[in-house]
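Report on the structure
The primary structure of each chain is shown beneath.
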Amino acid sequence: GGEPGRAGVTGVAGGEADEVLILEARNGQMTDSLSGAALVPVSPDLYKVRGADLFVRANRTASGATLTDSAPNARNTEYVRVADPLPARDAYVGLYTSPELSADLRIAMRGDTLVVDRGIRGTGALHPIYRDGFETGSGERFRFTRDSRGRVSGLTIWAGRVRHLRFVRSTKAP
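The structure contained in this document is the topic of the report that follows. This structure is a prediction, so every number in the text was calculated from the model and none was measured.

Tallying secondary structure elements over the protein gives zero helices and 17 strands in all. The burial tally for the protein puts 35% of its 174 residues in the buried class. Residue pairs at least 24 apart in sequence account for 35% of intrachain contacts in the protein once pairs closer than 6 positions are excluded. Accessible area for the protein stands at about 9900 Å²; split by element, carbon and sulfur atoms hold 49% of it.

Okay, here's the thing in structure tokens:
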């Protein structure tokens, strides 16, 4: 058996196409915090996702640990630990435009909370999950992008079947 976090991989990890895997120790076992599924230790570095034909393996490297998930008839995804969220959330505040939808989103601070203002659909809090990555209470994921100088230049949204919906930061006043 193994103890939660024994492989040194609890925390947030990012994969290809901005997939996110968040593992945490909860009630004495490692859990995928996004799905709530428990990871059952098969060996010290291999975990089976309870209720699914999916495995997560911890791979130790000189620079830390990575995770690889695998399932029958599917391509493996490798996840690398990502940095903690930035404390300066005001860097994300602004107006963002989707050329694809001809629509705007406003990102604002309400007290200490970063929010997305969807106009008549209301506002929603953005909870940090990794550097430049946030999630709403309804499961939408926002990943802010940066230019070559490190300035926030846009964002990408994943929400249900909507994936990689891009918005660019507008020069218009928010």
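More follows now that the structure is in view.
This next bit is on the sheet that holds strand 11 (residues 113-117). Strand order in the open sheet made by the nine strands is 12-11-10-9-17-16-15-14-13, with antiparallel pairing throughout. In this open sheet, the two edge strands, each paired with only one partner strand, are strand 12 (123-125) and strand 13 (127-130). Averaged over all pairs of adjacent strands, the angle between strand axes in this sheet comes to 30°, irrespective of strand direction. Relative to strand 17 (residues 162-169), strand 16 (residues 152-159) runs antiparallel, the two sharing five bridges. Its bridge partner being in strand 17, Gly154 is matched across the sheet by Val168.

Let's shift gears to the pairing of strand 13. With three bridges joining them, strand 13 and strand 14 (residues 133-135) adopt antiparallel strand pairing. In the strand pairing of strand 14, Pro128 is matched with Phe134. Taking the residues that link successive antiparallel strands as the turn, the strand 13-strand 14 hairpin has two residues, and the phi of Asp132 there is positive, at about 70°.

Turning next to the pattern of salt bridges. Counting across every chain of the model gives four salt bridges. Among the ionic pairs, Asp132 bridges to Arg146, the shortest N-O distance being 2.8 Å. Of the two residues, Asp132 sits in the loop between strand 13 and strand 14 while Arg146 sits in strand 15 (residues 141-146), which places them 14 residues apart along the sequence. For Arg151, the salt bridge identified is with Asp147, shortest N-O distance 3.0 Å. Assessed through its relative accessible area of 46%, Arg151 is described here as partly exposed. Judged by its relative accessible area of 26%, Asp147 is partly exposed.

Let's shift gears to the packing of aromatic side chains. Evaluation of the coordinates by the stated rule reveals four aromatic pairs. Pairing Tyr92 with Phe144 gives two aromatic rings, centres 4.5 Å apart and planes at 40°, and the pair type is tilted. Here Phe144 lies in strand 15 and Tyr92 lies in the loop between strand 8 (77-81) and strand 9 (94-98), a separation of 52 residues in the sequence. Across the pair, exposure class does not vary: Tyr92 and Phe144 are buried alike. Measuring from ring centre to ring centre gives 5.7 Å for Phe134 and Phe144, while their planes differ by 90°; the resulting arrangement is edge-to-face. Residue Phe134 is found in strand 14, and its partner Phe144 is found in strand 15; the two are separated by ten residues along the sequence. Each member of the pair, Phe134 as well as Phe144, carries the same accessibility label: buried.

Parameters at a glance
Residues numbered from 1 in each chain as written. Predicted model: local features only at pLDDT ≥ 70, side-chain atom pairs only at ≥ 80, totals over all residues. Heavy atoms only, no water. Helix = DSSP H or I, 4+ residues; strand = E, 2+ residues; numbered from the N terminus. Buried < 20%, exposed > 50% of the residue type's maximum accessible area, 1.4 Å probe, protein only. Contact = heavy atoms within 4.5 Å. Areas by Shrake-Rupley, 256 points an atom, 1.4 Å probe, with all protein chains shown as cover. Pairing = 2+ DSSP bridges. Axes fitted to C-alpha atoms, helices over the stretch in contact; angles between N-to-C directions. Salt bridge = Lys/Arg side-chain N within 4 Å of Asp/Glu carboxyl O. Phe/Tyr/Trp six-rings, centres within 6.5 Å; stacked < 30°, edge-to-face > 60°.

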